[in-house]
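Next come the chains, spelled out residue by residue.
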Number of protein chains: 2
Amino acid sequence: MRNRFCKSPLWECSEELIQVAQGERPAELVIRHANLVSVTTHEILPDTDIAVSCGRVAYLGLGEHTAEHCIGPDTKVVDARGLYATPGLMDSHIHVESAMIGVAEYARAVVPHGTTGIFCDPHEVGNVTGLPGVRAMFEDARRVPLKAMMTPPSCVPAVHGVEDTGASITAEDIADTMAWDNVVALGEMMNFPGVLAREGNALGEIRETLAADRVVTGHFPSPDRDRALNAYVAAGVSSCHESGSFDEVLAKLRLGMYVQLRQGSAWLNLPGYLPQLVASGVDTRLCLLCSDDNHPHTLVDEGHMDRILRTAVELGLDPVTALQMATINCAQYFGLAHDMGSVTPGKCADIVLYDDLESFRARMTFIDGELVAEDGRALFDVAPYEWPDFMTHTMNLGFEPTPETFRVPAPGRSDGTARVRAMGIEPGDTITRNIVVEVPVRDGALLADREHDVLKVAVFDRHHGSAGTHAFGFVTGFGIHGALAQTVSHDAHNLLVMGDNDEDMALAAKTLAECGGGEVAVADGQVLALVELPVCGLMSTERVEVVAEKVAAARRAWEQMGCSMPSPFMTMGVMSLACVPELRLTNRGYVNCLTFEMEDLLP
Amino acid sequence: MRNRFCKSPLWECSEELIQVAQGERPAELVIRHANLVSVTTHEILPDTDIAVSCGRVAYLGLGEHTAEHCIGPDTKVVDARGLYATPGLMDSHIHVESAMIGVAEYARAVVPHGTTGIFCDPHEVGNVTGLPGVRAMFEDARRVPLKAMMTPPSCVPAVHGVEDTGASITAEDIADTMAWDNVVALGEMMNFPGVLAREGNALGEIRETLAADRVVTGHFPSPDRDRALNAYVAAGVSSCHESGSFDEVLAKLRLGMYVQLRQGSAWLNLPGYLPQLVASGVDTRLCLLCSDDNHPHTLVDEGHMDRILRTAVELGLDPVTALQMATINCAQYFGLAHDMGSVTPGKCADIVLYDDLESFRARMTFIDGELVAEDGRALFDVAPYEWPDFMTHTMNLGFEPTPETFRVPAPGRSDGTARVRAMGIEPGDTITRNIVVEVPVRDGALLADREHDVLKVAVFDRHHGSAGTHAFGFVTGFGIHGALAQTVSHDAHNLLVMGDNDEDMALAAKTLAECGGGEVAVADGQVLALVELPVCGLMSTERVEVVAEKVAAARRAWEQMGCSMPSPFMTMGVMSLACVPELRLTNRGYVNCLTFEMEDLLP
């Protein structure tokens, strides 16, 4: 696939490369004396010179050979003695929105860690704005050296008929995106039940992608690794990042799937299967690495693909094998190995210099032969992206939230208590239990019960104005006093508010409505913390470091309000995610995620 | 790349596959209880069931799972207990013409051995007829189940300015072929000096191929594995089958080239590097297998890719690794791994059942789920191809050969002897020495000298009729009495005649002129053996077994005439090959293949 991720296609600069290799013309850049990680032979080649011109590798000086003949007066020479040169790292599956920033800012955060390519699925923006927002993400990405390979979201909405999203994406839409020059694959086909049931739109999206000579990335968390997995693979889905055990990984590899081994901010899968994978000795050519979701603080505090490599090596994986997973394997899967994934002649000069293959501390990152980051700092900068209006005005509630908004009627119930259906949170897990609890009834309304940690929850359709609907529910497990609200609420990203009193809930909702979305913590009439995410209610326009600090402040506010669970923001963010068991609340009401039927608040 | 090598594209049959995998619809074929060679994980999976529908794998029953749910009343069930199921074998580089038959007949010969795909470069036909003949080869190929992936010849003529071929192929021609639906790559770019010198047509052919999203296959026998090899790779050439040592193989792999390990009829390279490759432990994902040239008797007596696998395993290569080289590695290189190269759901059901992974004796070969060969016999048959006239009338000498035709004038030399330049044959090698010998002069003409084993040689342009030229030379090393002639004469495939007397030479030439080309042995006015190759003077219209027997008869005739060298036919066939050192004779005269200058007969 000849996408526009390189400075120029090989055939436009091959004459120059031929000359440079033979010493007939000076190189633009020569990296000298590096320990080159050869991902094609699985070797470390000591004291290697690398000559680069027009953004591509022209020559490797191996063994007794040097690139001295490629050096002219204007050649930039980098002494890499003692350092390890690797191909630029690639994240095979990532939702940029989880970091609450756009792709350009993401690039600033990850390129200094050695990431030169990401395969991103703007699934969240897709749910809020549809394809136009997806395209804006792509346009933002073009402004930075990071290569942002795009995989348009396939499942918008993720589950049909149980919630209202801002948009939907059809097979015809997907056919359109295949003509975009940076689209390399279909985004994760989460709708595996649809594929198994031969649902028209799911199969249509797969068809349009395969016919455009691109790959279909997957998402298959089902325990049925026999008939269902076979059918899913036979349908044309060729990768998956949803594996929890070595048995799952192995089953997928045996069926010819590429398996994206995942270590994100919240989903820490590597320890669950990597040691066994290493011990098994199976071929890992179909293994890729991915983060899926990174929170801003992970990027700021821990890094990106370097962090995953560190973990993989700590878990016993050979570092060169780990690097293959983050480079050549990924490039081969997506059909880009002619341009990327190895430091060999003719390939784009996407090269990282690391101190060692244990800490993976990056000294320099080159993309297309340009030095783009050094010692932890990006050397490029871009102005904040001018997001289009339709992306910065997505809080379309159609009303002004007041305490009265949050009154939950208790039809037929007299004052006292009533049994209501509630979501039972399991701290640190994405599962919710479908339970029944008692709550007070006063003046014909159901109340929260702070003493027993039963909070009221409301979800408002924020996409359809006054035509939108909302629904109420209850939740246990957060243990807070006050109210929390957020618009990062998978997958419809509606306005989600929870609290122990209507006044704080109204203030929380009103605050987000005014700032265009985000995350807010309120107690006793005071806004304790606010993370503004005015772009689609998902992304900030600020620096990742600023966003990370605001999120940290929000976390501190939550603790102050009484919440001690890990990642409460994430846990709250999937309270509407109607494809994960057992009970979820959307703007249409409770969804039983085992039967996929709606359930009443009053059982 | 979505070429037409499968029964139907995946997206047209995915609904059926989904149903079969889930037991909602019976499969067409179920192979039961096989030891499946998993080339994706490098494992042998015992007692595996394989369900096939619409030509593709629908389901693998692994471990405790079976494909019983896929079996209906009309399902063909094959019990493969005790057998090894492997993906169909692929020959990554082959000139079909060397077997003196067309592709359809080639298919009959190789499919029973487990070959299901070949990547063929009709370089010889290209030199005789240009693109129209190449296209006819492709049309012939379509009639059989063997998947013939085409790589149009890039170097026609191979060396410019030293001989006259029947045609030439330009970068514009190559651009045209890239629209043909069975073209997957550019044929071997033998003109590596042209690439290094940035010659326009060579770079143009590479450009057209890369821009069409196809790969450029190579041919790099130069000992310069530093600057020249780097430049050649940087130019976009991504594979090579010309390696004689492990150092060469390793150098190419480190530069990111796919290396086609070769074991043909005459070029037996595996022993020269495979044991060291195994010992090195380097990653072999870029290693492919190829035969390059197979003579008819090799196919009949020894087999095809099975023969190479046997040799590889004998030399110490792990059989699963060897199978990866003949399957998934090859498919990945050519961008066809979505359809071929592994037995996994969604892929074409190109499957071979072998007795074991040592003898590689094939029991059954399936292509697109059809049983196409069993116990050594092809189950398909096609009529002889109706070759177009321009391919069966390529003997265009423009004159009738007589003894007088072979008179070599000795200007200025009086009767007695004269010193002449001659080719010194090294038995069993392709190299010729550039030597000077003494020959008799009688009546102003230079004569052969049977006593001292100096034969006369003549090369006639057979493509341009009366406008064609011819040239004379001498050769030592064959030791025959009589005359030999052939039109298989790389790369122009002109009429090559050698002998110790003009009468027999004239009869040999006349015999080939009359039958449309081939190979003939004459002594004392008698035709001792004749292999008619009326298609381009290169290929027979008969069965491969018949051709093999005729070639064997010719070999016996040569021995009878006094020649004891191995493969004399091959040695003679490269006597005009102007890209191999040191001295060659073409229709334009002697070519010094070290300086690429013409040399006089009389020094």
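Summarised in this report is the structure supplied together with it. Not measured: the values here are computed from a predicted model. (Residues numbered from 1 in each chain as written. Chains lettered and ligands numbered in written order. Predicted model: local features only at pLDDT ≥ 70, side-chain atom pairs only at ≥ 80, totals over all residues. Heavy atoms only, no water.)

**Some thoughts on the relation of the copies chain B and chain A**
The two copies are related by a screw motion: chain B maps onto chain A through a turn of 180° and a shift of 0.0 Å along the axis, at an RMSD of 0.1 Å. Here the symmetry operator amounts to a two-fold rotation axis. When you check the interface residues of chain B against chain A, 98% turn up at the interface there too, and the contact is symmetric in its surfaces. (Least-squares fit on C-alpha atoms with pLDDT ≥ 70 in both. Contact = heavy atoms within 4.5 Å.)

**Section: helix α9 (residues 246–254) of chain B**
Burial analysis of α9 of chain B places seven of its nine residues in the buried class, which makes it a mostly covered element. Three or more residues of α9 of chain B are buried, namely Phe246, Glu248, Val249, Leu250, Ala251, Lys252 and Leu253 of chain B. Buried-residue contacts for α9 of chain B involve β2 (43–53) of chain A together with α8 (227–234), β11 (239–240), β12 (258–262), α10 (270–280) and β13 (287–290) of chain B. Looking at the residues trailing α9 of chain B, positive phi occurs at Gly256 of chain B, about 90°. (Buried < 20%, exposed > 50% of the residue type's maximum accessible area, 1.4 Å probe, protein only. Helix = DSSP H or I, 4+ residues; strand = E, 2+ residues; numbered from the N terminus.)

**Brief notes about the pairing of strand β19 (residues 416–425) of chain B**
Residue and element names in this part refer to chain B. Of all ten residues in β19, seven are buried; the element is thus mostly enclosed. Two strands pair when backbone bridges link them, and β19 and strand β20 (residues 432–442) are joined in this way by ten bridges, in the antiparallel orientation. Pairing of Arg421 across the sheet is with Val436, part of β20. The antiparallel hairpin formed by β19 and β20 contains six residues in its connecting segment, where Gly428 sits at a positive phi of about 80°. (Pairing = 2+ DSSP bridges.)

**Re unusual backbone geometry**
Each neighbour pair has its own omega, and for Pro581 of chain A with Glu582 of chain A the value is -5°, a cis peptide bond. Topologically, Glu582 of chain A is positioned in the loop between α18 (568–573) and β28 (583–586). Of the consecutive residues Val156 of chain B and Pro157 of chain B, the connecting peptide bond is found in the cis state with omega at -5°. In this structure, Pro157 of chain B sits in the loop between β8 (147–150) and α5 (171–177). The residue His42 of chain A is not glycine, and still its phi comes out positive at about 60°. Structurally, the position occupied by His42 of chain A is in the loop between β1 (29–38) and β2. Using a relative accessible area of 26% as the deciding quantity, one classes His42 of chain A as partly exposed. One non-glycine residue, Phe360 of chain A, lies in the positive phi region at around 50°.

**Description of the nonpolar core**
By size, the foremost hydrophobic cluster in this structure holds 175 residues, and its most contacted members are Leu446 and Phe478 of chain A together with Ile31 and Ile50 of chain B. The contact partners of Ile50 of chain B, leaving out residues within four places of it in the chain, are Leu29, Val30, Ile31, Leu36, Val57, Tyr59, Leu60, Ala85, Val343 and Ile351 of chain B. Core analysis: the next-biggest nonpolar cluster, separate from the first, contains 173 residues, Val57 of chain A together with Val216, Val437 and Val441 of chain B among them. (Core = buried A, V, L, I, M, F, W, Y, C linked by side-chain atoms within 4.5 Å.)

**Description of helix α13 (residues 319–326) of chain B**
With seven of its eight residues buried, α13 of chain B lies for the most part within the structure. Two or three places before Val320 of chain B, at the start of α13 of chain B, stands the capping residue Asp318 of chain B, its side-chain oxygen 2.8 Å from that residue's backbone nitrogen. (Polar contact = N/O pair within 3.5 Å; in protein donor to acceptor, adjacent residues only side chain to side chain.)

**Quick notes on the side chain of Ser8 of chain A**
When you line up the elements, Ser8 of chain A lands in the segment before α1 (10–21). When sequence neighbours within four positions are dropped, the list of residues in contact with Ser8 of chain A reads Cys13, Cys54 and Arg56 of chain A.

**Concerning the interface of chain B and chain A**
On the side of chain A, 59 residues touch chain B, which itself brings 60 residues to the contact. Between chain B and chain A, roughly 5400 Å² of surface is buried when both sides are summed, and carbon and sulfur atoms account for 56% of that area. The largest share of the area that chain B buries against chain A comes from Arg198, Arg254 and Arg285 of chain B, three residues that together contribute 14% of it. A salt bridge links Glu15 of chain B to Arg198 of chain A, with the shortest nitrogen-to-oxygen separation between them at 3.1 Å. Counting the contacts that link chain B with chain A gives 26 residue pairs in polar contact (both at pLDDT 80 or more). Breaking the side of chain B that touches chain A down by element, the ones donating at least two residues are α1 (10–21), β2 (43–53), β3 (56–61), α6 (192–196), α7 (200–211), α8, α9 and α14 (328–333) of chain B. Counted by class, the side of chain B that touches chain A contains 29 nonpolar, 17 polar and 14 charged residues. (Buried area = accessible area lost by both parts, 1.4 Å probe. Salt bridge = Lys/Arg side-chain N within 4 Å of Asp/Glu carboxyl O. Nonpolar A, V, L, I, M, F, W, Y, C, P; charged D, E, K, R; others polar.)

**Some points on the packing of aromatic side chains**
Centre distance and the angle of the planes are the two values used to describe a pair of aromatic rings. On inspection of all chains with the given rule, the structure shows 21 aromatic pairs over all chains. Judged by centre distance (5.5 Å) and plane angle (85°), the rings of Phe406 of chain B and Phe460 of chain B are edge-to-face. In this pair, Phe406 of chain B is assigned in the loop between α15 (389–392) and β18 (408–409) and Phe460 of chain B in strand β22 (residues 454–460), connecting sequence segments 54 residues apart. Take Phe406 of chain B: its relative accessible area is 0%, and that puts it in the buried class. For Phe460 of chain B, a relative accessible area of 2% puts it in the buried group. Each residue in the set Phe119, Tyr258, Tyr333 and Phe334 of chain A is aromatic and connected to the rest through ring pairs, giving one cluster. It is Arg135 of chain A that lies over the ring of Trp180 of chain A; its NZ or CZ is 4.1 Å from the centre. (Phe/Tyr/Trp six-rings, centres within 6.5 Å; stacked < 30°, edge-to-face > 60°. Lys NZ or Arg CZ within 6 Å of the ring centre and 35° of its normal.)

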